[in-house]
Amino acid sequence: MDLKLYDTLTREKRVFRALDPSNVRMYVCGPTVYDFAHIGNARPVIVFDVLFRLLQRVYGAEHVTYVRNVTDVDDKINARAAEEYPDLPLNEAIREVTKKTDKQFHDDVAALGCLSPTHEPRATEHVGEMRELIERLVKSGNAYVAEDNVLFSVASMPDYGRLSHRSLDEMIAGARVEVAPYKHDPRDFVLWKPSKPGEPAWPSPAGIKTPGRPGWHIECSAMAWKFLGETFDIHGGGIDLVFPHHENEIAQSRCAFRTPVMTNYWMHNGFLQVEGEKMAKSAGNFVTIRELRTGWRDFSWPGDVLRFAMLSTHYRQPFDFTHFSLEQAAVALNVFSTFAYPTAGAKPSNEFLEAMHDDLNTPRAIAELHRLLKASKEGAFELTDRMSRPGAMLIDSDFSAAEQLAAGLDYLGINISNYDRDWTRKQSFSGVSPQLKSKIDDLITARAEARTRKEWKESDRIRDELAKMGVVLKDTKDGTTWEIAR
Ligand code: AMP
Ligand code: ZN
């Protein structure tokens, strides 16, 4: 079965051919470690974990190398360190912050059912490789030194902008309003810059005397090179990274190695939104993975629930995170865990595999799991019926749907045997989305007003409208309550 993946660079779904099937190589941009990871950060981690598992199944676990870096040099880290540990020297404070955050991140993503990548290199441990790439770029005329900075010269690369499909004018307009005066071209970006006093600093490349630190983009080019070579198979990350981060990674790597491509497939996950809005601290709808696990709006969610909820949307589409999306996922996992029958060696159904091989079409794969659930239920009822007859035997029973269901969940990285069914049963889920709930509340208010005006026809009409929505009203002396008809 061919695996097809959508490539952002060529904008097409193509059959995946590994450069070397004995070592399939994937790089994904990892977190900047200064605070708890949010549920948006969880999306690339989950999506590329699903791809990692798929590749391991197709090529063999030992034939896949997955690298996810850790960015541990960054202005946000410095600011956090100074704020949190004002009495420590900055470098020590930074170590404390990155150590703590790195551990939090690993605990959180393990709870989401994600395997550890093969390598998780830290930027600060690969400054030597970054310096070497910068030296090469200066020698080849693709970079220049200006006021102790090293800048990449965008004009030196004719097809810069191909990944993000941006025109020259768009890129100039996109460059920040105040362009540093030493830049030859507003699009040029930093490979290396001087460190401020007290900041982490390393010996500089290209003959620069003052110590400095690397820019963000060069990190990924250097670590991908070190662990995966000059050209590799798949590079992933969130859609926000296409420009400028990935565009700049391509420029650095291709110019340093004189290669026609950096990677054969560029894959990007869509963004996560919260209840239809962009997630932002300022919008008050910011949710960390830790909060979700330990109590978000009075609920603590098992990691598998977020994983399954996310996979119910295709990875390239925006994912709308809502309380209802978690409820739906929890209820589905609960029923799946009742009927799924894990057995060693069972394989997912063909339809499931075809969906997964079609650019990780997880919504289609999950629809197939629901079909298998239905078949497993029917099989279970038929079996109980048959077993109630005298002389019945278990021997020729068909458990294949229930086995395929378990195998499909396992393929998605969901450990269904461990799913906590008691947990789901103890929750008082409303089974109603917030949008529907507010519509129901509005109708109930309108009905109460019609009744005070003694407009009985109107109040009956509203009751009927609610009944059509499956809402049953109960009028008590304290007011009207409702429930969903079961
Ligand atoms: P950062 O730590 O902000 O560099 O982000 C780490 C990863 O999370 C990158 O691959 C981002 O593209 C991704 N990411 C950040 N926010 C979101 C979001 N709201 N939805 C999906 N992915 C996100
Ligand atoms: Zn990167």
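In what follows, the structure referred to is the one given above.
Below is a summary of the structure that appears in this document. (Residues numbered from 1 in each chain as written. Chains lettered and ligands numbered in written order. Predicted model: local features only at pLDDT ≥ 70, side-chain atom pairs only at ≥ 80, totals over all residues. Heavy atoms only, no water.)

1. Observations concerning helix α7 (residues 242-257)
Here's step 1: Under the 1.5 Å per step criterion, the end-to-end length of α7 is 21 Å for 16 residues, consistent within 8% with the ideal 22 Å.
Here's step 2: In terms of burial, α7 is largely enclosed, as 15 of its 16 residues are buried.
Here's step 3: R258 sits one or two residues past α7 and shows a positive phi near 55°. (Helix = DSSP H or I, 4+ residues; strand = E, 2+ residues; numbered from the N terminus. Expected span 1.5 Å × (residues − 1). Buried < 20%, exposed > 50% of the residue type's maximum accessible area, 1.4 Å probe, protein only.)

2. As for the pattern of salt bridges
Here's step 1: Counting across every chain of the model gives 37 salt bridges.
Here's step 2: For E382, the salt bridge identified is with R386, shortest N-O distance 3.6 Å. One end of the pair, E382, and the other, R386, are both in helix α12 (residues 362-387), four residues apart, so they sit about a helical turn from each other.
Here's step 3: Of the residues examined, R386 reaches a relative accessible area of 22% and is grouped as partly exposed.
Here's step 4: When the shortest N-O distance is used, the salt bridge between R461 and E458 registers 3.1 Å. Within this pair, R461 and its partner E458 are both found in helix α16 (residues 456-468), separated by three residues, close to a single helical turn.
Here's step 5: Residue R461 is classed as partly exposed on the basis of its relative accessible area of 42%.
Here's step 6: Through salt bridges with shared partners, a single ionic network connects K13, E351, D358 and R364. (Salt bridge = Lys/Arg side-chain N within 4 Å of Asp/Glu carboxyl O.)

3. Structural notes on the coordination of the zinc ion (ligand 2)
Here's step 1: Looking at the zinc ion (ligand 2), one finds its protein donor set to be C29 (SG), C220 (SG), H245 (NE2) and E249 (OE), positioned 2.1 to 2.5 Å from the metal centre.
Here's step 2: Here the zinc ion (ligand 2) binds four donor atoms, and the angle range of 76 to 131° at the metal identifies the geometry as irregular.
Here's step 3: Mapped onto the sequence, the donors of the zinc ion (ligand 2) take the spacing C-x190-C-x24-H-x3-E. Taken together, the residues span a long stretch of sequence, with C220 in helix α6 (residues 216-228) and H245 in helix α7 at a distance of 25 residues. Per residue, the accessibility class of C220 equals that of H245, and both read buried. (Donors = N, O, S within 2.8 Å, 3.2 Å for Na, K, Ca; no water. Tetrahedral: all angles 85-135°; square planar, octahedral: opposite > 155°, others 65-115°.)

Limitation: the analysis is restricted to geometry and does not speak to function.
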